[in-house]
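Chain and residue survey
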Amino acid sequence: MTSRMAGRILVTALLISPLAARAQSNDDFPFLEATVAQLQARMASGALTSVQLTRAYIERIHTLDSSANGVNAVIELNPDALSIAQHMDNMRRAGHVLGPLHGIPVLLKANIDTADRMQTTAGSLALQGTPPTRDSTIAADLRAGGAVILGKTNLSEWANFRSFESISGWSGIGGQTHNPYGIDRNPCGSSSGSGAAASANFATVSLGTETDGSVVCPANASGVVGLKPTIGLTSRAGVVPISHTQDTVGVHARTVADAALTLGVIQSRTSDGRDPATGGVPLGWQGSGMQRPTVPTDYTQFLNPNGLRGAVLGITRQGLNGFDSFVPTPAPVTAAVEAAFSALTAAGATLVDLDALGYNFSGGPGELLVLCYDFRNDVKAYFATRVGVPVAGGTLTDAIAFNSAHADVEMPYFNQDLFDLCNSMATGPDDAQPAFGGMSYNQAIKADHDFTVNNVDAALNAQHLDAIVSATDNPAWATDLLFGDHFIFGTSSIAAAGGYPIVQVPAGEVFGVPLGISFFGTAFSEPKLIKLASGYEAVTHSRAHGLPTFAPTVTFDHIKGPLQQSADEGSATGSAMQSGSSAVSSSAVQSAAAAPAAAAVATPAQSMGAKARKVLHHL
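Residues numbered from 1 in each chain as written. Predicted model: local features only at pLDDT ≥ 70, side-chain atom pairs only at ≥ 80, totals over all residues. Heavy atoms only, no water.

**So, the side chain of Ser194**
Selection criterion: Secondary structure follows DSSP: runs of H or I at least 4 residues long count as helices, runs of E at least 2 residues long count as strands, and numbering of each begins at the N terminus. Remark: exposure states derive from per-residue accessible area (1.4 Å probe, protein chains only) relative to the maximum for the residue type, with buried under 20%, exposed over 50%, and partly exposed in between. Here a polar contact means two N or O atoms within 3.5 Å. Within protein one must be a hydrogen donor candidate and the other an acceptor candidate, and residues neighboring in sequence count only if both atoms are side-chain atoms. Contacts are assigned to residue pairs with any non-hydrogen atoms lying within 4.5 Å of each other.
Structurally, the position occupied by Ser194 is in helix α7 (residues 192-199). Residue class for Ser194 comes out buried when judged on its relative accessible area of 0%. In this structure the side chain of Ser194 is engaged in a polar contact, spanning 2.7 Å, whose partner is the side chain of His252. Each residue touching Ser194, except ones within four places of it in the same chain, is listed here: Thr153, Asn154, Ser206, Leu207, Gly208 and His252.

**Comments concerning unusual backbone geometry**
Residue Gly189 is joined to Ser190 through a cis peptide bond whose omega torsion reads 20°. If you check the backbone angles, Asn201 has positive phi at about 60° while not being a glycine. As for its placement among the helices and strands, Asn201 is situated in the loop between α7 and β6 (205-210).

**Things to note about the pattern of salt bridges**
Which entries qualify depends on this criterion: Basic side-chain nitrogens of Lys or Arg form a salt bridge, by our definition, when they fall within 4 Å of a carboxyl oxygen of Asp or Glu.
All told, the structure shown has 11 salt bridges when counted by the stated rule. In this structure, Glu33 and Arg543 form a salt bridge, with 2.8 Å as the shortest nitrogen-oxygen distance. With Glu33 in the loop between α1 (3-16) and α2 (36-45) and Arg543 in the loop between α17 (526-540) and α18 (562-568), this residue pair connects regions lying 510 residues apart in the sequence. Accessibility expressed as a relative area gives 22% for Glu33, which makes it partly exposed. A salt bridge links Arg117 to Asp80; its shortest N-O distance comes to 2.5 Å. Pair noted here: Arg117 is in the loop between β2 (105-109) and α5 (137-144) and Asp80 is in the loop between β1 (74-77) and α4 (81-93), with a separation of 37 residues, a long-range link. A residue is classified by how much of its surface remains accessible, and Asp80, at 21% relative accessible area, is partly exposed.

**Brief notes about the environment of Gly484**
Relative to the assigned elements, Gly484 resides in the loop between β11 (467-471) and α16 (493-496). Judged by relative accessible area, Gly484 falls into the buried class, the value being 3%. Remark: the alpha-carbon pair of Gly484 and Ser166, spanning 318 residues in sequence, is separated by 6.1 Å.

**Quick notes on a nonpolar patch on the surface**
To keep things clear, this is the line we draw: Patch membership requires more than 30% relative accessible area and the absence of a salt bridge. Residues of like charge join within 9 Å; the nonpolar side chains Val, Leu, Ile, Met, Phe, Trp and Tyr join within 5 Å. Computed with a 1.4 Å probe, the accessible areas rest on the Shrake-Rupley method; for each residue, only the protein chains presented here act as cover.
A cluster of nonpolar residues, Phe511, Phe556 and Ile559, forms a patch on the protein surface that exposes about 310 Å² of accessible area. In this fold, Ile559 is placed in the loop between α17 and α18. Take Ile559: its relative accessible area is 53%, and that puts it in the exposed class.

**Some remarks on the confidence of the model for the protein**
Our working rule: Every residue gets a pLDDT, meaning the predictor's confidence in that residue, from 0 to 100.
Counting all residues, the mean pLDDT for the protein is 90, and 88% of those residues have values of 70 or more. Ignoring residues within four places in sequence, the model shows residues 1-27, a span with pLDDT below 50, making 47 contacts including any to other chains. Under a pLDDT of 50 for its full length, residues 571-606 has, in the predicted model, 16 contacts with residues more than four places off or in other chains.

**A short note on the packing of aromatic side chains**
What counts is decided by this rule: A pair of aromatic rings is counted whenever rings of Phe, Tyr or Trp (Trp by its six-membered ring) have centres within 6.5 Å, and the orientation is called stacked for planes under 30 degrees apart, edge-to-face for over 60 and tilted otherwise. Criterion for a charge above a ring: Lys NZ or Arg CZ within 6 Å of the ring centre, and within 35 degrees of the ring normal.
All chains considered together, the criterion is met by 15 aromatic pairs. Taking 5.9 Å as the distance between ring centres and 85° as the angle between the ring planes, the aromatic pair formed by Phe29 and Phe31 counts as edge-to-face. An identical accessibility class is assigned to Phe29 and Phe31; each is buried. Here the aromatic residues Trp158, Phe161, Phe375, Phe383 and Phe419 are joined through ring pairs into a cluster of three or more. In this structure, Arg60 packs its charged tip against the face of Phe29, placed 4.5 Å from the ring centre.

**Focus: the sheet that holds strand β7 (residues 225-228)**
The pairing of strands in a sheet comes from backbone hydrogen bonds and takes either a parallel or an antiparallel form. To keep it simple, the criterion reads: Two strands qualify as a pair provided DSSP detects at least 2 bridges between them. The axes are straight lines fitted to the C-alpha atoms, using for helices just the contacting stretch, and the angles between their N-to-C directions are given from 0 to 180°.
Here 11 strands make up an open sheet; going across it, the order is β1-β3-β2-β6-β8-β7-β12-β13-β11-β9-β10 and the pairing mixed. In the strand order of this sheet, the two ends are held by β1 and β10 (350-353), each with one partner. The mean inter-strand angle of the sheet, taken between neighbouring strand axes irrespective of direction, is 30°. Sheet analysis places strand β9 (residues 312-315) next to β10, joined by four bridges and oriented parallel. Residue pairing across strands places Val312 opposite Thr350, the latter belonging to β10. Its contacts with the sheet put helix α9 (residues 256-266) on β6, β7, β8 (248-253) and β12 (502-510), and the angle it makes with β8 is roughly 145°.

**Structural notes on the side chain of Asp480**
Turning to its location among the elements, Asp480 is positioned in the loop between β11 and α16. In this structure, Asp480 is in contact with Ile167 and His486, ignoring residues within four places of it in sequence.

**A closer look at the state of the cysteines**
So the rule is basically this: The term disulfide is used for any two cysteine sulfur atoms that are within 2.5 Å.
What the rule picks out here adds up to two disulfides. Each disulfide pairs two cysteine sulfurs, and for Cys188 the partner residue is Cys217, the sulfurs being separated by 1.8 Å. Sign of the S-S torsion, about 95° for the bond between Cys188 and Cys217, identifies this disulfide as right-handed. Highlighted residues: Cys188 in the loop between β5 (175-176) and α7 and Cys217 in helix α8 (residues 216-222), separated in sequence by 29 residues.

**What about helix α15 (residues 441-462)?**
Using the following cut-off: What a helix is expected to span follows from its residue count: subtract one and scale by 1.5 Å. Fitting axes to the seven residues ending at a residue and to the seven starting there, one defines the bend at that residue as the angle between these axes.
When the terminal C-alpha atoms of α15 are compared, their 30 Å separation across 22 residues agrees well with the 32 Å that a helix rising 1.5 Å per residue should span. Maximum bend of α15: about 30°, positioned at Val453. With its phi angle positive at about 55°, His464 sits one or two positions after the end of α15.

**Brief notes about the environment of Ile242**
Within the fold, Ile242 resides in the loop between β7 and β8. On the basis of relative accessible area, Ile242 is assigned to the buried category, the value being 2%. Sequence-wise, Ile242 and Asn160 are 82 residues apart; in three dimensions their C-alpha atoms are separated by 9.5 Å. Not counting residues within four places of it along the chain, the set of residues in contact with Ile242 comprises Trp158, Ala159, Phe161, Thr211, Asp247, Leu371, Asp374, Phe375, Asp378 and Leu619.

**Regarding α7**
Most of α7 sits inside the fold, with eight of its eight residues counted as buried. Listed as buried for α7 are Ser192, Gly193, Ser194, Gly195, Ala196, Ala197, Ala198 and Ser199. Phi for Asn201, located one or two positions after α7, is positive at around 60°.

**Regarding the pairing of β8**
Most of β8 is tucked away: six of the six residues are buried. Pairing analysis gives five bridges linking β6 to β8, with the strands arranged antiparallel. The partner of Leu207 across the bridge, within β8, is Val251. Strand direction decides the pairing type here: β7 and β8, joined by three bridges, are antiparallel. Bridge pairing in β8 places Leu227 opposite Val251.

**Quick look at the nonpolar core**
Inclusion rule: Among buried residues, those of type Ala, Val, Leu, Ile, Met, Phe, Trp, Tyr and Cys that are joined through side-chain atoms within 4.5 Å constitute a nonpolar core.
One finds Leu142, Phe202, Leu313, Leu344, Ile517, Phe519 and Tyr536 to be the most contacted residues of the largest nonpolar core, which totals 114 residues. Counting 44 residues, the second largest nonpolar core, distinct from the first, contains Ile75, Leu125, Ala399 and Leu421.

Below, the structure is given as structure tokens:
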């Protein structure tokens, strides 16, 4: 029995024993798609308690997540969840409500520290053992606001930063998370479990982290809202890091309103003393003279169903044809993207073609160097905060050694070549890095800053834009444990290098698989992005038009051959006798169509470029 299995059985016994497990479809879940405001109204009236709500989510997780063919989004349930909920109910009855999340169950990505009986592992056995001794700032803020921390969600191990060949949603402890819209589909990563859990109605909201795409890509794949805040608006203290330059804690929710409300609870309005970014500005603003503004206490004030009326939006299609010319974006996907853009103009927005004006939105040219350099240093600092786990007080070298010693459970599908690359780098910020063409860390930082200023901010300012808009990512692919992720395009790098915010919102579907668009802005522009995204949500209602089905696979039509069609009609034998040769030919065609296409032979330089494009957009 694995440690993950033992932990799941333990928490299930603790939390589910009073409940009778029962099959439960989307249709009969009493809190399906319930918003924070709706639940708070019911609790305020006395029609609902936090204990009842928490029990309902636990039962749903037990039924639809931890079963053999479940979503597997939740890596661990909090054994104290029901007692926390009871305490919140007692406080409410005494007239004390701590905030808008009082009594509301929230799930946290398993790289966010909680000083309780839960683990914080980033999905790796190297961090399993004694729980953290101190809450992350985010967890402390949630507790102070009365939220019920329901559990931890699975993730792409080490936030998808261990290997160029990683599989989104897989971790050594958590196994593979699946997509609620089709269990064989990938949930994207690294905040895979957070996005999938919110979509599956396993909690009211969930928290993830993003370095480049890890909030917005899972939101796109699982059909939910993903809010990636400005770097430093939410604290990274007590969060397993990739990079202090680009990491942020964000929100997955089923509505823009719930994401906005949650941001108001978890943000740091002033420096928290544990993360210097909470008192400063992100890379894109550094050196500009712009200061950190006074941020709102409540972001729900910016919700506006008419938020697109009169808006001026810059549109970019860069990259939407695919990172690799040999793997172009399918026509049905590009058609769905264009339909999503058309909805913007139908809602009253004016669109400006930024590609025709020559702006470059390919991402920071030094980004991977910056992340690698930061990671080696930042992860060492994090390891120093932990005790009673294999890498406590250690370095990246120790994590690499641990993985090598436990390769059977940590590296069954992919290696740690990205760890090795980061560990091989020269140590000085001005040292040339041969793996990156001789560029130094400080040169890479400047290149990323300049990219942001000369393209993102330049477009916003010169064209008098309210935001930049593009499709978020390609729709979810079928999980492939052999060949890894199938990213065709992704746009999160527009905001990543400079540390700028994104709000991703569902925008349609392709053959039953969700598709979203992203609103990008400069630092601390969350109020404007929330207004625009809520306006888009109000006129499209994309998620409401297609909720998750938890089907084993996404259903397609027009895929059956003559024999299968005849069998459906009860006359397969006659059809086979009448058109045997035709049926064989059709079957052969189907087999050929199902076979993977031969891979094009790439030069070493092309291979490295493809690897770099793949590893970004899902961190």
